[in-house]
Amino acid sequence: MKIERDIWGGLNGEGRSLQDAQVAIVGVPFDSAACYRRGAAFAPDKMREMSKRCHPLTERFVDISDLRVCDLGDIDVDPLDWPATYNRIDRQLQEVIHAGAVPIVLGGDHSISFPVVRALHNHHSPFRGNSGVPSQPFGLVWFDAHPDLMHTYGVSKYSHACTLRRILELNNIKPRHVVMIGVRKVEPEEYEFMQETGIYCVHASEVARYPADAIAEGIREHLSGVTRVYWSFDIDVLDPAFAPGTGIPTPAGLTTRQLFDLVYALRELPVTGADIVEVAPPFDHADITSFAAATLVMEILGLIKTQRESERRAGYTTTSVGVQSVR
Ligand SMILES: [Mn+2]
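In what follows, the accompanying structure is described. (Residues numbered from 1 in each chain as written. Predicted model: local features only at pLDDT ≥ 70, side-chain atom pairs only at ≥ 80, totals over all residues.)

Let us look at the overall build of the protein chain. Scanning the protein chain for helices and strands turns up nine helices and 10 strands. Relative to the 2.2 N^0.38 estimate, which gives 20 Å for 327 residues, the radius of gyration of the protein chain is 18 Å and therefore close to what a compact globule would have. Along the three orthogonal principal directions, the C-alpha set of the protein chain runs to about 55 × 50 × 45 Å. Here the protein chain, with 327 residues, has 50% of them falling under the buried criterion. Restricting the contact set of the protein chain to residue pairs at least 6 apart, pairs at least 24 apart contribute 77%. (Helix = DSSP H or I, 4+ residues; strand = E, 2+ residues; numbered from the N terminus. Rg over C-alpha atoms; globule rule 2.2 N^0.38 Å. Buried ≥ 20, exposed ≤ 12 C-beta atoms within 10 Å, placed from the backbone. Contact = placed C-beta atoms within 7 Å.)

So this is what it looks like as structure tokens:
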């Protein structure tokens, strides 16, 4: 597949290698785990196309023009062979992590977040057996209309309705380090699990009622001490009026304004990796959803840029392989 230069606001430099990148963008055109309507497999290309209309300046005017971005194209997925697809995702993510780049993954349905998070988790939290050395806590911010906490859905444990449940089976991702935002459609089994585990949940109605800064303060306090955070954006966190092109359009969601305000308010939380999933171009109208998703990628790039800047000022830099001094 040919990756064009003018995508991502022109940040995808010509001939830039992964080794030279601060951010790696990876497409995963896989939607076999969607339980209602498929179509997310078309999202990575559509988002790239929309990103040609984006500028290297975030909506809050953060200049990201010198951020080194490398779009690695799409992972070769097999819609009928999930384990093979997960293995390919894992291999690609390992390459990104070892190159020291922050991965931004374009789904695909939400199921693809599991192999992505697993790769990051396994790198940062190697199993320590009985050595007694605790790993650093790994946090998760989950923007979604749904908690995706079903143990099994239909016949599958890997449905997109089970993704967060699978992630919580990883040994260093604890429910107390998970924050859900925009949740509003929950199965009884999921609600029970949320109650039992005490997952921090910001309901969609609370996003409407409270200022972004107040919500962000609560989240930052809840995740204090967490040094690595993965950000997962299921585009159905947005109201269908703002993102009609998705598998399960769920009423009474966030406005795009509320989402961007929250992302900005949370800018001090580290971005260890991120994904944008469940954009389904076949159900979109006038590319509203794909455009919002591509713009969201630019906002995430803005967060990464801001964090790199403040690390530079503080005299150190965190890469996904650890903390290094600035040379
Ligand atoms: Mn989801």
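Let us keep going from here.
It is worth spelling out the nonpolar core at this point. Counting 99 residues, the largest nonpolar core has Val23, Ile181 and Val297 as the members making the most contacts within it. For this core, the element with the highest residue contribution is helix α9 (residues 288-314), accounting for 11 residues. If near-sequence neighbours (up to four positions away) are discounted, isoleucine 181 is found in contact with Val141, Trp142, Phe143, Val202, Val207, Val237 and Leu262. (Core = buried A, V, L, I, M, F, W, Y, C linked by C-beta atoms within 7 Å.)

Under the 1.5 Å per step criterion, the end-to-end length of helix α2 (residues 82-98) is 24 Å for 17 residues, consistent within 8% with the ideal 24 Å. When we look at burial in α2, the residues that qualify are Thr85, Tyr86, Ile89, Gln92, Leu93, Val96 and Ile97. Down the axis, α2 shows its buried residues gathered within 140 degrees of arc, on one side only. Along α2, exposed side chains directed more than 90 degrees from the buried face belong to Pro83, Ala84, Asn87 and Arg91. Buried residues belonging to α2 abut β1 (23-27), β2 (69-74), β3 (102-106) and α3 (113-124). The first or second residue beyond α2 is glycine 100, which carries a positive phi of 80 degrees. (Expected span 1.5 Å × (residues − 1). Arc of directions from axis to C-beta.)

On to the sheet that holds β1, then. The eight strands are arranged β2-β1-β3-β8-β7-β4-β5-β6 in an open sheet whose pairing can be described as parallel. The sheet is open, and its two edges are formed by β2 and β6 (200-203), each paired on a single side. On average, each strand axis in the sheet is inclined to that of its neighbour by 15 degrees, with strand direction left out of account. Of the pairings in the sheet, the one linking strand β5 (residues 178-183) to β6 comprises four bridges and is parallel in character. Within the sheet, the bridge partner assigned to valine 179 lies in β6 and is tyrosine 200. In the packing of α3 onto the sheet, the strands contacted are β3, β4 (138-143), β7 (228-234) and β8 (273-277), and the crossing angle to β8 comes to about 175 degrees. (Pairing = 2+ DSSP bridges. Axes fitted to C-alpha atoms, helices over the stretch in contact; angles between N-to-C directions.)

Counting buried positions along β8 gives five out of five residues, so the element sits mostly inside the fold. Side-chain alternation along β8 places Gly273, Asp275 and Val277 on one buried face and Ala274 and Ile276 on a second face that is also buried. Bridging between β7 and β8 involves five bridges; their strand directions are parallel. Within β8, the residue paired with aspartate 234 across the bridge is valine 277. The parallel pair β7 and β8 is bridged by helix α8 (residues 256-265), and the resulting crossover is right-handed. (Right-handed = clockwise from strand over helix to strand, strands pointing away.)

Turning next to unusual backbone geometry. With an omega dihedral of 5 degrees, the bond running from glycine 107 to glycine 108 counts as a cis peptide bond. Mapped onto the elements, glycine 108 comes out in the loop between β3 and α3. The backbone of phenylalanine 61 sits at a positive phi, close to 65 degrees, despite the residue not being glycine. For phenylalanine 61, the location among the structural elements is in the loop between α1 (43-51) and β2. With phi around 60 degrees, aspartate 287 is a residue other than glycine that occupies positive phi space. As for its position among the elements, aspartate 287 is in the loop between β8 and α9.

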